[in-house]
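Chain residues, written in single-letter form:
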Amino acid sequence: MAGFHIDRISEDIKREIISIMRELKDPRIHDMLTVVKVDVTNDLSYAKVYISAIEGIDAAKESVKGLESAQGYIRKQLGSRLHLRKSPELKFIADDSIEKGMDLFEKIKGLNINDYEN
């Protein structure tokens, strides 16, 4: 039962962080960002937020720097929007899963075109 509660809070935090990121005005934070996943500890004191960008891992790393500087604002907004007693300390981590997914998609698309030609 506790696992379900943590999973639900993780998804809520993910949804709200995506919403908060759209409001931030930091030029380091790119427009084409997504939160891949959020891992929250059982006591809700820490959360790892995996950030990925379509532009690649370099854009994600630059955006993480901007998000780390806005961490206090993001934590405050999370606490008020989700009505949490204690909002978790956020650790932003750059992830390249979107870039890898796009590469894989292009490879599959190339295979399909070659199959039709033969």
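Everything quoted here is computed from the prediction, not taken from an experiment.

Comments concerning the pairing of strand β1 (residues 33–40)
Where β1 lies against strand β2 (residues 46–53), seven bridges are found, and the strand directions are antiparallel. In the sheet register, L33 faces β2, and the bridge partner there is A53. Where β1 folds back on β2, the antiparallel hairpin that results is connected by five residues, among which L44 adopts a positive phi of roughly 60°.

Re the pattern of salt bridges
In a structure, side chains of opposite charge can pair up when their charged atoms sit close to one another. Scanning all chains against the criterion turns up eight salt bridges. One salt bridge connects D26 with R28, and the closest N-O pair in it is separated by 2.9 Å. We classify R28 as partly exposed; its relative accessible area is 32%. Here K37 and D39 are joined by a salt bridge, their closest N and O atoms 3.7 Å apart. Overall, K37 belongs to the partly exposed group, its relative accessible area being 41%. Residue D39 is classed as partly exposed on the basis of its relative accessible area, which comes to 33%.

Calculation criteria
- Residues numbered from 1 in each chain as written.
- Predicted model: local features only at pLDDT ≥ 70, side-chain atom pairs only at ≥ 80, totals over all residues.
- Heavy atoms only, no water.
- Pairing = 2+ DSSP bridges.
- Helix = DSSP H or I, 4+ residues; strand = E, 2+ residues; numbered from the N terminus.
- Salt bridge = Lys/Arg side-chain N within 4 Å of Asp/Glu carboxyl O.
- Buried < 20%, exposed > 50% of the residue type's maximum accessible area, 1.4 Å probe, protein only.

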